[in-house]
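Remarks on the overall topology
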Amino acid sequence: MDKKLVVGNWKMNLLREEALELSGAIVSLLGEDYDACQVVLVPPYTVLDVVRRGISGSNIDLGAQNVFSRMSGAFTGEVSAPMLLDAGCSWAIVGHSERRHIIGETDEQIREKLLLSISCGLKVILCVGETEVQREEAIRESEDISTRKEMLFSPIKTQIKNALHDLDEERISEDIVIAYEPVWAIGTGKNATSSEIAEIHGYIRELLTEMFPRLGDSVKILYGGSVKTGNIKRIMSVDEVDGVLVGGESLSADSFFRIIKSVGV
Ligand code: PGA
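Structure report, in brief.

What counts, and where the lines are drawn
- Residues numbered from 1 in each chain as written.
- Predicted model: local features only at pLDDT ≥ 70, side-chain atom pairs only at ≥ 80, totals over all residues.
- Heavy atoms only, no water.
- Salt bridge = Lys/Arg side-chain N within 4 Å of Asp/Glu carboxyl O.
- Helix = DSSP H or I, 4+ residues; strand = E, 2+ residues; numbered from the N terminus.
- Buried < 20%, exposed > 50% of the residue type's maximum accessible area, 1.4 Å probe, protein only.
- 1 Å grid on protein atoms, 1.4 Å probe; cavity = no way out; pocket = protein on both sides within 12 Å on 5 of 7 lines; lining within 4 Å.
- Points joined across faces, edges and corners; volume = space filled by probe spheres on them.
- Near = heavy atom within 4 Å.
- Polar contact = N/O pair within 3.5 Å; in protein donor to acceptor, adjacent residues only side chain to side chain.
- Areas by Shrake-Rupley, 256 points an atom, 1.4 Å probe, with all protein chains shown as cover.
- Sits in = over half its atoms within 2 Å of the grid points.
- Nonpolar A, V, L, I, M, F, W, Y, C, P; charged D, E, K, R; others polar.
- Contact = heavy atoms within 4.5 Å.
- Core = buried A, V, L, I, M, F, W, Y, C linked by side-chain atoms within 4.5 Å.

This model, assessed by the stated rule, comprises 20 salt bridges. We note a salt bridge from Arg70 to Glu112, for which the minimum N-O separation is 3.6 Å. Linking Arg70 in the loop between strand E3 (61-64) and helix H3 (81-86) with Glu112 in helix H5 (residues 107-120), this pair joins segments that are 42 residues apart in sequence. Accessibility expressed as a relative area gives 38% for Arg70, which makes it partly exposed. With a closest N to O distance of 2.8 Å, Asp175 and Arg171 form a salt bridge. One end of the pair is Asp175 and the other is Arg171, both in helix H8 (residues 169-175) and four residues apart, which spans about a single turn. By relative accessible area, which is 28% here, Arg171 ends up partly exposed.

Moving on, we come to the environment of Gly202. With respect to the helices, strands and loops of the structure, Gly202 is situated in helix H9 (residues 194-211). Sequence spacing of Gly202 and Leu245 is 43 residues, and the spatial spacing of their C-alpha atoms is 18 Å.

Moving on: unusual backbone geometry. Phi is positive for Leu14, which is not a glycine, with a value near 85 degrees. Following the sequence through the fold, Leu14 ends up in the loop between strand E1 (5-9) and helix H1 (16-30). Residue Asp166 is not a glycine yet carries a positive backbone phi of 60 degrees. If you trace the backbone, Asp166 turns up in the loop between helix H7 (145-164) and H8.

Attention now goes to empty space enclosed by the protein. For the structure shown, the criterion picks out two cavities of 30 Å³ or more. Of the voids in this model, the largest cavity is the one considered here, and its volume is about 60 Å³. Surrounding the largest cavity, Val27, Leu30, Gly31, Glu32, Tyr34, Cys37, Gln38, Val39, Ser58, Asn59 and Ile60 form its lining. Where the lining of the largest cavity is concerned, the elements lending two or more residues are H1 and strand E2 (38-42).

As a further point, take the site of the ligand. In the vicinity of the ligand lie 14 residues, with Lys11, His96, Glu181, Gly187 and Ser226 positioned nearest. For the ligand, an oxygen atom lies 2.6 Å from a polar atom in the backbone of Gly187. Interatomic distance of 2.9 Å between a backbone N/O atom of Gly248 and an oxygen atom of the ligand. Within the complex, the protein chains bury 96% of what would otherwise be the 280 Å² of accessible surface of the ligand. Among the cavities detected, the one that contains the ligand is the second largest pocket. Its residues assigned to classes, the shell around the ligand comprises five nonpolar, seven polar and two charged.

What follows deals with helix H11 (residues 253-263). Across the eleven residues of H11, eight count as buried, placing the element largely inside the fold. For H11, the set of buried residues is Ala253, Ser255, Phe256, Phe257, Ile259, Ile260, Ser262 and Val263. Buried positions along H11 lie against E1, H1, E2, helix H10 (232-236) and strand E8 (243-246).

The next point concerns the environment of Arg171. A sequence separation of 56 residues divides Arg171 from Leu115, and the C-alpha atoms of the two residues are 10.0 Å apart. Beyond its immediate chain neighbours, meaning those up to four positions away, Arg171 contacts Ile118, Ser119 and Ile176. There is a polar contact of 2.7 Å between the side chain of Arg171 and the backbone oxygen of Ile118. Among the polar contacts listed, one links the side chain of Arg171 to the side chain of Asp175, at a separation of 2.8 Å.

Now for the nonpolar core. In terms of nonpolar packing, the biggest core is built from 73 residues, with Ile160, Leu164, Ile178, Ile204 and Val244 touching the most fellow members. The element best represented in this core is H9, accounting for seven residues. Among residues more than four places away in sequence, those in contact with Ile178 are Leu126, Val128, Ile160, Leu164, Ile204, Leu208, Val219, Lys220, Ile221 and Leu222. In terms of nonpolar packing, the next biggest core, distinct from the first, is built from twelve residues, Val42, Ile93, Val177 and Leu222 among them.

Below, the structure is given as structure tokens:
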């Protein structure tokens, strides 16, 4: 997994025909053998099969926006990791802030989802990030830089530790990608500055190498939150940014293509 990664999270958008058109358009723009960076499309469950068809023959991977923490059984409305693999997915997003904050997913549920997914052979994109209130509090309440940093890093530290503690080190670099997505930058058009991104990505790298001394250094760390054609170059120039998780802008073939080309240089 040494290539940079671009993930397009379509969220709750697109019907079958639109999904087929968009995935087909992305493949035509990129070319089937494009592999300068790894691209993953993450459509809603209802169009996974359509997008699988749209990207077949290309190097684009398929991912799911969520996954349940049991293999099968009486869990109405849920979809399991084996089902996602069967549908052609090789990736699942776990712990997206919209699931944490709108659906109310807990760190414990997120860990269960992550563990079962990797044990089934899915790669996981674990999303973490602070809310606007948490960031503002850290800036307002702290008297010195080290307290500010401690307060700012604290929600991210908790999310990562709760999800990954005691995990087999070998699984870390192969199967798990971290996506830092400041909640206040998702879908808002607000951008984290380069130094804000560098500060958090640097911290996540430190934490990963502390938790996993041998392989923590090789885990990819993505940035997400209002990634656009206009800011992708700046974001990718920040240290420790190994790729991006793109929401809104991944719904336009042209914009998503331009983002991919800026990453895979
Ligand atoms: P956005 O979403 O690019 O629309 O801000 C990113 C995400 O939620 O993954």
